[in-house]
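One-letter residues, chain by chain:
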Amino acid sequence: IVDAFASFDMTCHSDSEGDLRELSINRNIADLTRGLAFIKSKHGPFDSVHLVGSSMGGLTALWFAAQKPEVVTHNIVIAPAFEMASRLLLSLGREKAQEWRRKRTIHLETGYADFDLDYHIVEDEARYPILGLVKRLTTPTLILHGSHDEVVPCQLSRQFAQRIDRVK
C-alpha cells in the first residue's frame, strides 16, 4: 500500500492563477474534482481520499464529500466558511448589498487583500444550503475551529455539528 499526500490551492488562492472575482463553492468543487483526476492520472486509482481544508477549502471538502461519499473516506476541516456570502451581505448593510446585487460586482478591502467579488457567490451559496449538507454528509468529519475566530464565527461550526448529530 502506497500512502501519498497532495496539496493544491483552489483557483486564485495563495499562488494559484485566476480571478477571485468568480469565487464560488461550485468552482472550488470543480477545482477539487480536476485535482483528484490529475493525481489519479499520474499515480493510478486510490483506495481512499482524506480531505483537509480550511475556510472556503473546508466548506468545499464537506460539499465534495457529501456529493461523492464513495470517493472521500474522511474529512478534517478548519473553520469551514459556513454562510460566507450571507454573512458578507449582512455586514454590508442594506444599501451596499442592494448596490452589489444591482452592479453584480463589489470591491472589498480586507486585512488580507483588496479584490473584486461577483454577486454570483451569493447565488451559488443559495444552491448549497447548510441543511442540505447536513442531510447529505455521511463522511466521518473532524471540525477544528477556534473560539475566538473573527472571520468565521465558531458558533456556525457548533450548530452544524449539532445538526449532524440530530440527523444521524
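A. How the structure looks around the nonpolar core. Residues Trp 100, Leu 117, Leu 133 and Phe 160 are the most contacted members of the largest nonpolar core, which totals 42 residues. Excluding anything up to four places from it in sequence, Leu 133 contacts Leu 59, Leu 62, Trp 63, Ala 66, Phe 82 and Phe 160.

B. Region of the structure containing the packing of helix 3 (residues 84-92) against helix 4 (residues 94-103). In contact at an axis separation of 6 Å, helix 3 and helix 4 are set at 125° when each is read in the N-to-C sense. The angle between the axes of helix 3 and helix 4 places the two elements in the oblique class. Listed contacts from helix 4 to Leu 88, Leu 89 and Leu 92 of helix 3 are Arg 94, Lys 96, Ala 97 and Trp 100. Residues of the contact of helix 3 with helix 4, tallied by class, amount to five nonpolar, no polar and two charged.

C. Region of the structure containing the pairing of strand 4 (residues 114-118). Sheet topology note: the strand 3 (residues 105-109)/strand 4 ladder contains five bridges and is antiparallel. Residue His 107 lies in a different strand from strand 4, and its bridge partner there is Asp 116. Between strand 3 and the antiparallel strand that follows it, strand 4, lie four residues.

D. Looking closely at the layout of surface pockets. Taken as a whole, the second largest pocket encloses approximately 230 Å³ of empty space. What lines the second largest pocket is a set of 15 residues, and nearest its centre among them are Leu 36, Lys 40, Phe 46, Val 49 and Val 71. For the lining of the second largest pocket, the elements supplying multiple residues, two or more each, are helix 1 (25-43) and strand 2 (72-78). The residue inventory of the lining of the second largest pocket, partitioned by class, reads eight nonpolar, three polar and four charged.

E. Layout of the sheet that holds strand 1 (residues 49-54). Reading across from one edge, 1-2-5 is the order of the three strands in this open sheet, with parallel pairing throughout. Each edge of the open sheet carries a strand with a single partner, namely strand 1 and strand 5 (141-144). Taking the axes of each pair of neighbouring strands and ignoring which way they run, one obtains an average angle of 10° across the sheet. By the bridge criterion, four bridges tie strand 2 to strand 5 in an arrangement that is parallel. Bridging from a neighbouring strand, Ile 76 pairs with Leu 142 of strand 5. Strands strand 1, strand 2 and strand 5 of the sheet are contacted by helix 2 (residues 56-67), whose axis makes an angle of about 155° with strand 2.

F. Examining unusual backbone geometry more closely. At Ala 79, a position not held by glycine, the phi torsion is positive, near 45°. By relative accessible area, which is 11% here, Ala 79 ends up buried. One non-glycine residue with positive phi stands out, namely Arg 104, at about 75°. Within the fold, Arg 104 resides in the loop between helix 4 and strand 3. Given a relative accessible area of 34%, Arg 104 falls into the partly exposed group.

Reading guide: rules and limits
Residues numbered from 1 in each chain as written. Predicted model: local features only at pLDDT ≥ 70, side-chain atom pairs only at ≥ 80, totals over all residues. Heavy atoms only, no water. Core = buried A, V, L, I, M, F, W, Y, C linked by side-chain atoms within 4.5 Å. Buried < 20%, exposed > 50% of the residue type's maximum accessible area, 1.4 Å probe, protein only. Contact = heavy atoms within 4.5 Å. Axes fitted to C-alpha atoms, helices over the stretch in contact; angles between N-to-C directions. Helix = DSSP H or I, 4+ residues; strand = E, 2+ residues; numbered from the N terminus. Parallel < 35°, antiparallel > 145°, perpendicular 65-115°, else oblique. Nonpolar A, V, L, I, M, F, W, Y, C, P; charged D, E, K, R; others polar. Pairing = 2+ DSSP bridges. 1 Å grid on protein atoms, 1.4 Å probe; cavity = no way out; pocket = protein on both sides within 12 Å on 5 of 7 lines; lining within 4 Å. Points joined across faces, edges and corners; volume = space filled by probe spheres on them.

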